[in-house]
Amino acid sequence: AKIDGGSVTLTLTMPALSDAERIARREVQIIAREDARRAKIDAIKVEKARKARERDTEAQALQTKKQIEEGERARRQEVAEKRERSIAAREAARQKDAAHAGERTGRQDKHASKYSKKSVLLLKEVFDEYDGDGFGTISLNEMRQSLIQKKEDKARAALQSKDLAVRQAAAGIDIADVVEPLFRTLDRDGDGEISFPELLAVLFPLATHTEMETMLSWVKKGPQGPNELPLTMSEEQLSELRAIFDIFDTDGSGALTLPELQAALASCGMTRGEIRDLFESADVDQRDGHLDFCEFVSMMTESEFL
């Protein structure tokens, strides 16, 4: 201790470490650093193991998702193939029946189709609404203008509606917003215009060439020929008339004779002379003394029987 002007200064002198103590301290420090290094390595290993498990989990989830998607694709493919086989089977059966009917009538019914005539006629009405210039094709501008007009009409109707669902539907995406990709899809030959045959091909991709010709004949403009069925009749009505025709055709020849028609209509209160006049007016193809199915349908629709 040193006293200097009232101040006391203490000087502490640490005893020097012996070699053994310095070695022991260094060993302690080395062990501590080694423990810290091992702890860090262990933590890294744990983190790597965790990330590896996450990757395995993600890979397994992706594999499961892939298997589910493949299973769904296979299921859809199976459903599509089953549907095509079913359509093909029905088509074969229809053609067989048509061929059988053709053998009876001397010609095959060219109006047979698995598609609804009513649907085709309704589709043609919609097509004509978009065909603004009436040239038989729809241009991109015609489709755009028609869809925009329909969108505006829908928006005006929604403003006046109290139904929330109607207003929300009007505020959503409209078909007018995707007119160009829609047009490109329908314009199969890429000539910049949509024809009615192109529309039929898109909507009825499984239609045969004969069925396409039949559907186009349904919407063909101009007078009907003597051997064409009325365009206004549904398939159900034609089926009913076919059943009646087959009942009247007692000899199974595929055509009605005057005696067969007289025997069938005798209970309707008509005289034999009236039935003869009806028969002769319906027998328009060369007056051959027989009524085929088309002539029979025309007779029934023009008379008071339907």
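Since the structure is predicted, the reported quantities are computational estimates derived from the model, not experimental observations. (Residues numbered from 1 in each chain as written. Predicted model: local features only at pLDDT ≥ 70, side-chain atom pairs only at ≥ 80, totals over all residues. Heavy atoms only, no water.)

Structural notes on the pattern of salt bridges
And then number 1: Overall, the coordinates contain 11 salt bridges when judged by the stated rule.
And then number 2: A salt bridge links Glu34 to Arg37; its shortest N-O distance comes to 2.4 Å. Highlighted residues: Glu34 and Arg37, both in helix α1 (residues 19-105), separated by 3 residues, approximately one helical turn.
And then number 3: Members of the salt-bridge network, linked through shared partners, are Glu34, Arg37 and Arg38. (Salt bridge = Lys/Arg side-chain N within 4 Å of Asp/Glu carboxyl O. Helix = DSSP H or I, 4+ residues; strand = E, 2+ residues; numbered from the N terminus.)

Describing the nonpolar core
And then number 1: Formed by 22 residues in total, the largest nonpolar core has its most connected members in Val120, Met143, Phe196, Leu200, Phe204 and Met215.
And then number 2: Mapped onto this core, the elements with two or more residues apiece are α2 (117-130), α3 (140-160), α5 (179-186), α6 (196-203) and α7 (209-218).
And then number 3: Tallying contributions element by element places α2 first for this core, with 4 residues.
And then number 4: Sequence-distant contacts of Phe196, that is, excluding residues within four places in its chain, are made with Val120, Leu123, Lys124, Phe127, Gly136, Leu216 and Val219.
And then number 5: One finds Phe248, Leu265, Phe296 and Val297 within the second-largest nonpolar core, a separate group that totals 18 residues. (Core = buried A, V, L, I, M, F, W, Y, C linked by side-chain atoms within 4.5 Å. Buried < 20%, exposed > 50% of the residue type's maximum accessible area, 1.4 Å probe, protein only. Contact = heavy atoms within 4.5 Å.)

Observations concerning the packing of aromatic side chains
And then number 1: For the structure on display, the rule yields 4 aromatic pairs.
And then number 2: Geometrically, the ring pair formed by Phe127 and Phe196 is edge-to-face, given 5.5 Å between the ring centres and 70 degrees between the ring planes. On the criterion of sequence distance, the pair formed by Phe127 in helix α2 and Phe196 in helix α6 is long-range, its members being 69 residues apart.
And then number 3: For Phe127, a relative accessible area of 3% corresponds to the buried category.
And then number 4: Geometrically, the ring pair formed by Phe248 and Phe296 is edge-to-face, given 5.9 Å between the ring centres and 85 degrees between the ring planes. Highlighted residues: Phe248 in helix α8 (residues 235-248) and Phe296 in helix α11 (residues 293-302), separated in sequence by 48 residues. (Phe/Tyr/Trp six-rings, centres within 6.5 Å; stacked < 30°, edge-to-face > 60°.)

A few points about the environment of Arg272
And then number 1: As for its position among the elements, Arg272 is in helix α10 (residues 272-282).
And then number 2: With a relative accessible area of 56%, Arg272 lands in the exposed category.
And then number 3: Here the alpha-carbon distance between Arg272 and Pro259, two residues 13 residues apart in the chain, equals 9.3 Å.

Considerations on the confidence of the model for the protein
And then number 1: When pLDDT is averaged along the protein, the result is 78; 78% of the residues meet or exceed 70.
And then number 2: Between the elements of the protein, mean pLDDT differs from a low of 56, seen in strand β1 (residues 2-4), to a high of 90, seen in strand β4 (residues 193-195).
And then number 3: For residues 102-111, every residue scores under 50 in pLDDT, and the model assigns this stretch 25 contacts once sequence neighbours within four places are set aside.
And then number 4: Low confidence marks residues 222-226, where pLDDT is under 50. Its contacts with residues over four positions away, or in another chain, come to 5 contacts. (pLDDT = per-residue confidence, 0-100.)

A look at the side chain of Glu260
And then number 1: Among the structural elements, Glu260 can be located in helix α9 (residues 258-265).
And then number 2: In this structure Glu260 comes out as buried when scored by relative accessible area, which is 9%.
And then number 3: Setting aside residues no more than four positions away along its own chain, Glu260 makes contact with Phe248, Asp249, Thr250, Asp251 and Ala255.

A closer look at α3
And then number 1: Over its 21 residues, α3 runs 31 Å from end to end, which matches the ideal 30 Å to within 8%, given 1.5 Å per residue.
And then number 2: When we look at burial in α3, the residues that qualify are Glu142, Met143, Ser146, Leu147 and Ala158. Across the axial projection of α3, the buried residues extend over an arc of 135 degrees, all falling on one side. For α3, the exposed residues set more than 90 degrees away from the buried face come down to Leu159 and Gln160. (Expected span 1.5 Å × (residues − 1). Arc of directions from axis to C-beta.)

Digging into a negative patch on the surface
And then number 1: On the surface, Asp133, Asp189, Asp191 and Glu193 cluster together into a negatively charged patch.
And then number 2: Tracing the backbone shows Asp191 in the loop between α5 and β4. (Patch = residues over 30% accessible without salt bridge, like charges linked within 9 Å, V, L, I, M, F, W, Y side chains within 5 Å. Areas by Shrake-Rupley, 256 points an atom, 1.4 Å probe, with all protein chains shown as cover. Lys, Arg positive; Asp, Glu negative; His and termini not counted. Charge placed at Lys NZ, Arg CZ, Asp CG, Glu CD.)

Some remarks on the environment of Val120
And then number 1: Positionally, Val120 belongs in helix α2.
And then number 2: Taking the C-alpha atoms as reference points, Val120 and Val219, 99 residues apart in sequence, are found 7.9 Å from one another.
And then number 3: Beyond its immediate sequence surroundings of up to four residues, Val120 is in contact with Phe196, Leu200, Phe204, Met215, Trp218 and Val219.

Side note on the packing of α3 against α5
And then number 1: At a minimum axis separation of 10 Å, α3 and α5 run at an interaxial angle of 135 degrees. Overall, the two elements α3 and α5 adopt an arrangement that is oblique. Crossing of α3 over α5 shows right-handed handedness. Here α3 contributes Leu140, Met143, Arg144 and Leu147 to the contact with α5, which in turn contributes Val179, Glu180, Leu182, Phe183 and Leu186.
And then number 2: Among the residues making up the contact of α3 with α5, the classes are represented as 7 nonpolar, no polar and 2 charged. (Axes fitted to C-alpha atoms, helices over the stretch in contact; angles between N-to-C directions. Parallel < 35°, antiparallel > 145°, perpendicular 65-115°, else oblique. Left-handed = near helix turned anticlockwise from the far one by under 90°. Nonpolar A, V, L, I, M, F, W, Y, C, P; charged D, E, K, R; others polar.)

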